[in-house]
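Architecture at a glance
Letter by letter, the chains look like this.
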Amino acid sequence: MTQGRYISYLRVSTKRQGQSGLGLEAQRSSVENHLNGSDWNLLGEFVEVESGKRTDRERPQLKEALQACRVHQATLIVAKIDRLARNAHFLLGLRDAGVEFVAADMPDANRMTVGILAIVAEMEAIAISERTKSALAAAKRRGVVLGNPKNATPEGRRKGCAKGSLINQEKAH
């Protein structure tokens, strides 16, 4: 039986996954199954639709979840370690930042295990990126037109440039 106070963090990578809710529901179920006793208190749940490559500064729900853990002296719980991040530097920093966390799929992971898993998760992110780039290049060689055809119009390009400018301005502040 698990004891203590917890804050859950659920993350999917794409809007489609977020809209379907299936990935989030599977993660929620995994967390609830891990916290399967009556001697625990789930103080909050933070949900994000964002790439695992992003840092905590670019993931506001993760930032809020970590802050809630500090305020309530709670443990951050995730369904799987790769839902937290696929960046070794980030995971190792989190481990050393005074926020305890547990992954429901590996509840007995220790400091050494987390360090190793952080590096493995980062390597998997790199491999996913390389496979995606390779698949897109192969599709392009076959003549597949990539991207959204709406963006190929002058109006679509203007909208994209304007949106990019806004994003860059937000990141600068």
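In the block above lies the structure referred to throughout.
The structure contained in this document is the topic of the report that follows. These figures come from a predicted structure and were not determined experimentally.

Strand order across the open sheet formed by 4 strands is 2-1-3-4, with parallel pairing between neighbours. Since the sheet does not close on itself, it has two edges, and those belong to strand 2 (40-49) and strand 4 (101-103), each with one partner. Across the sheet, the axes of successive neighbouring strands diverge by a mean angle of 25°, strand direction being ignored. One ladder, built from 3 bridges, connects strand 1 (residues 4-12) with strand 3 (residues 75-78); its direction is parallel. Directly across from Ser8, in strand 3, lies its bridge partner Ile77. Along the sheet, helix 3 (residues 60-72) contacts strand 1, strand 2 and strand 3; its crossing angle with strand 2, the most-contacted strand, is approximately 160°.

Scanning all chains against the criterion turns up 3 salt bridges. Its salt-bridge partner being Arg28, residue Glu25 comes within 2.9 Å of it at the nearest N-O pair. In this pair, Glu25 and Arg28 are both assigned in helix 2 (residues 22-34), 3 residues apart and thus about one turn of the helix distant. Of the residues examined, Glu25 reaches a relative accessible area of 43% and is grouped as partly exposed. The salt bridge partner of Arg131 is Glu124, with a shortest N-O separation of 3.2 Å.

Ranked by size, the top nonpolar core spans 23 residues in total, and within it Ile7, Tyr9, Leu76 and Leu84 carry the most contacts. Listing elements by their share of this core, those giving two or more residues are strand 1, helix 3, strand 3, helix 4 (81-84), helix 5 (88-96), strand 4 and helix 6 (111-141). Element by element, the count of residues in this core is highest for helix 3, at 5 residues. Apart from the residues within four sequence positions on either side, Tyr9 is in contact with Gln27, Phe46, Glu48, Arg59, Gln61, Leu62, Ala65, Leu76, Ile77, Val78, Arg83 and Leu84. Core analysis: the second largest hydrophobic core is formed by 9 residues, Tyr6, Leu35, Ile77 and Val102 among them.

Here we take up unusual backbone geometry. Residues other than glycine seldom take positive phi values, yet Gln73 does so here, at roughly 50°. The residue Gln73 is located in the loop between helix 3 and strand 3 in this model. Exposure remark for Gln73: the relative accessible area of 64% places this residue in the exposed category.

This next bit is on helix 3. With 13 residues, helix 3 extends 18 Å between its outermost C-alpha atoms, agreeing within 8% with the 18 Å of an ideal straight helix rising 1.5 Å per residue. Among all positions in helix 3, only Leu62, Ala65, Leu66, Ala68 and Cys69 are buried. On an axial view of helix 3, the arc spanned by its buried residues comes to 160°, and they lie on one face.

Below, the discussion takes up the side chain of Ser8. Secondary-structure assignment places Ser8 in strand 1. Note on Ser8: relative accessible area 1%, which makes it buried. Among all residues touching Ser8, those that are not within four sequence positions of it are Val31, Leu42, Gly44, Glu45, Phe46 and Ile77.

Definitions and cut-offs
Along each chain, the written sequence defines residue order, and numbers are assigned to residues from 1. Where local features are concerned, this predicted model is filtered to residues with pLDDT of at least 70; where side-chain atom pairs are given and counted, the filter is 80 or more; whole-chain, interface and lining totals use all residues. In computing side-chain properties, one takes all heavy atoms of the structure into account and sets aside hydrogens as well as water. Note: two strands are recorded as paired if DSSP finds a minimum of 2 bridges between them. The numbering of helices and of strands both runs from the N terminus, where a helix is a DSSP run of H or I of at least 4 residues and a strand a run of E of at least 2. Geometry is summarised by axes, namely lines fitted to C-alpha atoms with helices restricted to the contacting stretch, and by angles between N-to-C directions that run from 0 to 180 degrees. Should any heavy atoms of two residues lie within 4.5 Å, those residues are counted as being in contact. Criterion for a salt bridge: a side-chain nitrogen of Lys or Arg within 4 Å of a carboxyl oxygen of Asp or Glu. Relative accessible area decides the class of each residue, using a 1.4 Å probe on protein chains only: under 20% of the type maximum gives buried, over 50% gives exposed, and in between gives partly exposed. Take the buried residues of types Ala, Val, Leu, Ile, Met, Phe, Trp, Tyr and Cys, join any two whose side-chain atoms come within 4.5 Å, and each joined set is a nonpolar core. Multiplying 1.5 Å by the residue count of a helix minus one yields the expected span of that helix. Within this analysis, the arc is defined by the directions that extend from the helix axis to the C-beta atoms.

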